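# Observations on chain architecture
As a plain string of letters, each chain reads:
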Amino acid sequence: KAKEYFEASIRLKNNFQSLRGLAIIELMEGSEEKAIEAYMRAWQHSNGNEDLFNELSVILRDKNKISQLKNLVNDCPPTLRTNEYYTLAKTTIALNEAKYEEARQLLIREYIYIKEGELVTTNIWFNTFYFPAEKKLGRPLTEDEKATIKAQNPPPAIIDFQMKG
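Residues numbered from 1 in each chain as written. Predicted model: local features only at pLDDT ≥ 70, side-chain atom pairs only at ≥ 80, totals over all residues. Heavy atoms only, no water.

### Let's talk about helix α6 (residues 84-96)
The condition that has to hold: Secondary structure elements follow DSSP: runs of H or I no shorter than four residues count as helices, runs of E no shorter than two count as strands, and numbering proceeds from the N terminus. To estimate how far a helix should reach, multiply one less than its number of residues by 1.5 Å. Burial classes: relative accessible area under 20% of the type maximum marks a residue as buried, over 50% as exposed, and values in between as partly exposed (1.4 Å probe, protein chains only). Residue contacts are defined here by distance: any two heavy atoms, one from each residue, within 4.5 Å place the two residues in contact. In protein, a polar contact means a hydrogen-donor-capable atom and an acceptor-capable atom, both N or O and within 3.5 Å, with residues adjacent in sequence counting only if both atoms are side-chain atoms; elsewhere, any N or O pair within 3.5 Å suffices.
Between its first and last C-alpha atoms α6 spans 18 Å; for 13 residues at 1.5 Å apiece the expected length is 18 Å, and the two agree. Burial analysis of α6 places eleven of its 13 residues in the buried class, which makes it a mostly covered element. Regarding α6, the residues found buried are Glu-84, Tyr-85, Tyr-86, Thr-87, Leu-88, Ala-89, Thr-91, Thr-92, Ile-93, Ala-94 and Leu-95. Buried positions along α6 lie against α4 (50-62), α5 (66-74), α7 (100-107) and α8 (120-137). Capping the start of α6, Asn-83 holds a side-chain oxygen 2.5 Å from the backbone nitrogen of Tyr-85, two or three residues further along.

### What to know about the nonpolar core
For the record, the criterion: Residues belong to a common nonpolar core when they are buried Ala, Val, Leu, Ile, Met, Phe, Trp, Tyr or Cys residues joined through side-chain atoms within 4.5 Å.
Core analysis: the largest hydrophobic core is formed by 26 residues, its most contacted members being Trp-43, Phe-53, Leu-56, Leu-60 and Leu-72. Mapped onto this core, the elements with two or more residues apiece are α2 (16-28), α3 (32-44), α4, α5 and α6. In terms of residue count, α3 provides more of this core than any other element does, six residues in total. Not counting residues within four places of it along the chain, the set of residues in contact with Leu-60 comprises Ile-36, Met-40, Lys-65, Gln-68, Leu-69 and Leu-72. Ile-114, Val-120, Phe-129 and Tyr-130 belong to the second-largest nonpolar core, a separate cluster that totals 16 residues.

What follows is the structure, given as structure tokens:
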């Protein structure tokens, strides 16, 4: 029923709130492509809404939709370019473009919204070492090789939110 109301609202006037609501429903129904399309439309009508940017950038990053993530970043207003989700999006793009040093440099900053136990920053950090090693070897790394790389390349404390103990 909610989907019908959102669609009716959108027919009256394209608005980012209803498009976002529709996108959430599409995600819950398993329609990833429709959800992302609705989210991207919501972004176009949001006037650079920071919360929507954060939500959408995480979804695109997690779903590995790099070309859409790139479009989102390129469309981002200057006021959001200091946002940590913007930084994580840029870092993800750099990682996927094999710009490993750039990705590592982008990661090093203060984070407010990343909580202890979240692994996004450390996963990206380690991937900047795993990916070139796998390319060099021409195969996926073993768990032992990953452990060695982790031990040799610990993340800087400012980005390390792993729970250890």
